[in-house]
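Overview (structure and organization)
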Amino acid sequence: MEALWERLVQWEKSGALPFHMPGHKRNRTLAPYLDALSAGLDVTEIPGFDDLHAPEEILKLAMERAARLYGSEDAYFLVNGSTGGILAGIRAATRRGDRVLVARACHKAVYHALELCALQPIYLQQDCLDEFACPASLAVEQVEEALGEHPDIRLVILTSPSYEGVCSDIPSIVEAAHRRGVPVFVDEAHGAHLGLGGGFPPGAVAAGADLVVQSFHKTLPSLTQTAMLHRSGTLVSREELTRQLGIFQTSSPSYLLLASLEGCVSLLEQRGEDLLQEWRGRLHRFDQGVHGLTHLRLLPGTERGVFARDPSKIVIGTKGSGMTGLALSQRLRQEFGIQLEMAAQPYAIAMTGMGDTDQAMEKLKEALLTIDGSCQGEGDGTPLLELPLPKSCLSMEEALTRPFRLCPWEEASEQLAAESIWAYPPGIPLVVPGEVISAAMLAALSQRKAVGVNLISTRGDLNQGIAVVDSDTFFAE
Ligand SMILES: Cc1ncc(COP(=O)(O)O)c(C=O)c1O
């Protein structure tokens, strides 16, 4: 068997067009600093290169520049993705056992923070966009109502933009929370390019969010794993946040990752507005070019239930086209050498980044028009069953420490989950430990499994069954 690095080299040689992360899209002209990073520069904290955990010089200045660019009070470079920033940020903003308000459609990293900090979540279920079966914007009224009902809420946590580029009304959500002295954490992993002009929507930092995490690697020219955490205001302590970052980040950060982050910040400072405008222009021309699609439909910016849309995510709906999003993705790969970011039953996502070129966008447009022309219509499979918000009976921490057993799917109805289950991508848990797997949830999960959605569970044995809390021990008490 070939070595991993050999497989990577082969993959690069294949020339597959990347409509997926990372956002640099191997564009060496745009980001020459990425090409310069090599084994010779692979060091961690050696004399003369500052210290990520106690920065005084080159890293401190770079993070200050990043804060100025986005308008936050403090910016922190992250080397293990937004994941590290989510764990550190949520832990810094809460105390063990606190009640928190959480948009249900958050990434699993948020749920890991809930578990680690033994937080008591009040979940807010977002509406679903009918045709695309993905979460709509989080309604401000839902946040207002929950905050009024639970005056002991200590933090609001939500994702904006979503994996599909759906943004929520962050200024109003922040205003509602701040009126009660509650800080807001925005997972802006998919929106590191927001708030910098160029015709993209404004970002969460400018909206006044206390903590904002951004995966630079998802959309900007920076290496995989690089991300940024922003802190502003007085509701989250700088000292505690710094301490938590020291817990959740490695003590040996890769300077290749840090140099790509710093290089990306410099690029944004020097040419950001122009590059964003060019990217926006490519997206605009693409939109015009696919105007004639008759079977496939792109998620527009003005869909009902959508407060605002980040146009960088091209969400291609397949309802009524005669094929599923998974089949579309397969055709693009096999017939056109185009690799998408994700595919689900009723849609697929082409993730664009700052590194995309006009030629790449042109190829995607031509491929979609060709496929659209060959569509027979209808027969796209049954619509996906709605995922209900499960009832929780035990905290995640407690459910995970109870004895469990693998339960066959047919018998899992009304059992208590002892593991999380999510579709990957996007990595949003559908059930978490301690929640009841209702008949409706089981039906929705079984249907997804049957149509080929990549369902993954914490204990990793979904083909054998679902891990459930051993009812003999649970119900005996
Ligand atoms: C909404 C969201 N938040 C957080 C993350 C985690 O980001 P990272 O991979 O940078 O750790 C992801 C990853 O896909 C995500 O989609």
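Worth saying up front: this structure is predicted, and the values here are computed from it rather than measured. (Residues numbered from 1 in each chain as written. Predicted model: local features only at pLDDT ≥ 70, side-chain atom pairs only at ≥ 80, totals over all residues. Heavy atoms only, no water.)

1. Quick word on the packing of aromatic side chains
- As enumerated under the stated definition, the model contains four aromatic pairs in all.
- Taking 6.1 Å as the distance between ring centres and 85° as the angle between the ring planes, the aromatic pair formed by F49 and Y255 counts as edge-to-face. Pair noted here: F49 is in the loop between α2 (32–36) and α3 (58–70) and Y255 is in helix α10 (residues 255–289), with a separation of 206 residues, a long-range link.
- Ring centres of Y111 and Y123 lie 5.8 Å apart, and the angle between their planes is 25°; this geometry places the pair in the stacked category. Of this pair, Y111 sits in helix α5 (residues 108–116) while Y123 sits in strand β4 (residues 120–124), and the two are 12 residues apart along the sequence.
- Among the residues examined, Y123 registers a relative accessible area of 16% and is labelled buried.
- The ring of W409 is capped by K449, whose NZ or CZ atom sits 4.9 Å from the centre of that ring. (Phe/Tyr/Trp six-rings, centres within 6.5 Å; stacked < 30°, edge-to-face > 60°. Helix = DSSP H or I, 4+ residues; strand = E, 2+ residues; numbered from the N terminus. Buried < 20%, exposed > 50% of the residue type's maximum accessible area, 1.4 Å probe, protein only. Lys NZ or Arg CZ within 6 Å of the ring centre and 35° of its normal.)

2. A word on the sheet that holds strand β20 (residues 421–423)
- Read across the sheet, three strands follow the order β21-β20-β23 without closing on themselves; strand pairing throughout is antiparallel. Whereas interior strands pair on both sides, the edge strands pair on one side only; in this sheet they are β21 (428–431) and β23 (455–457). This sheet shows a mean twist of 40° between the axes of neighbouring strands, independent of strand direction.
- Two elements, β20 and β23, share three bridges in a ladder whose sense is antiparallel. Within β23, the residue paired with I421 across the bridge is S457.
- The strands that helix α14 (residues 439–450) touches are β20, β21 and β23; relative to β21, the one it contacts most, it runs at about 130°. (Pairing = 2+ DSSP bridges. Axes fitted to C-alpha atoms, helices over the stretch in contact; angles between N-to-C directions. Contact = heavy atoms within 4.5 Å.)

3. Considerations on the pattern of salt bridges
- Inspection of every chain in the model, using the stated rule, returns 24 salt bridges.
- In this structure, R96 engages E397 in a salt bridge whose closest nitrogen and oxygen atoms are separated by 2.6 Å. Of the two residues, R96 sits in the loop between α4 (81–93) and β3 (99–103) while E397 sits in helix α13 (residues 396–401), which places them 301 residues apart along the sequence.
- With a relative accessible area of 54%, R96 lands in the exposed category.
- In this structure E397 comes out as partly exposed when scored by relative accessible area, which is 35%.
- When salt bridges that share partners are traced, they join E73, D74, R231 and R238 into one network. (Salt bridge = Lys/Arg side-chain N within 4 Å of Asp/Glu carboxyl O.)

4. What to know about the pairing of β4
- Note that β3 and β4 share five bridges and pair parallel. Residue pairing across strands places V102 opposite Y123, the latter belonging to β4.
- Read as a crossover between parallel neighbours, the route from β3 over α5 to β4 is right-handed. (Right-handed = clockwise from strand over helix to strand, strands pointing away.)

5. Some words on the domain arrangement of the protein
- Looking at the protein, the domain boundaries give domain 1 (32–268), domain 2 (273–374) and domain 3 (396–475).
- Computed from C-alpha atoms alone, the centre-to-centre distance between domain 1 and domain 3 is 29 Å.
- Facing the 12 residues of domain 1 at the interface are 14 residues of domain 3.
- Buried area between domain 1 and domain 3, summed over both chains or domains, comes out near 1,100 Å², and the portion from carbon and sulfur atoms is 63%.
- Put simply, domain 1 and domain 3 have two salt bridges between them. (Domains from an automatic or database assignment. Buried area = accessible area lost by both parts, 1.4 Å probe.)

6. Considering helix α9 (residues 238–248)
- Along α9, the positions that sit buried rather than exposed are L241, Q244, L245 and F248. Relative to the axis of α9, the buried residues are bounded by an arc of 105° and lie together on one face.
- A side-chain oxygen of the first residue of α9 lies 3.3 Å from the backbone nitrogen of E239; this N-cap is S237. (Arc of directions from axis to C-beta. Polar contact = N/O pair within 3.5 Å; in protein donor to acceptor, adjacent residues only side chain to side chain.)

7. Observations concerning the site of the ligand
- Taken together, 13 residues lie around the ligand, and T83, D187, H190, S215 and H217 are the ones closest in.
- A distance of 2.8 Å separates an oxygen atom of the ligand from a polar atom in the backbone of S82.
- Within the contact set of the ligand, an oxygen atom lies 2.7 Å away from a side-chain nitrogen or oxygen of H190.
- Taken by itself the ligand offers 390 Å² of open surface, and the protein chains cover 88% of this.
- Only α4 and α8 (216–219) provide two or more residues apiece to the shell around the ligand.
- With four residues, the single largest contributor to the shell around the ligand is α4. (Near = heavy atom within 4 Å. Areas by Shrake-Rupley, 256 points an atom, 1.4 Å probe, with all protein chains shown as cover.)

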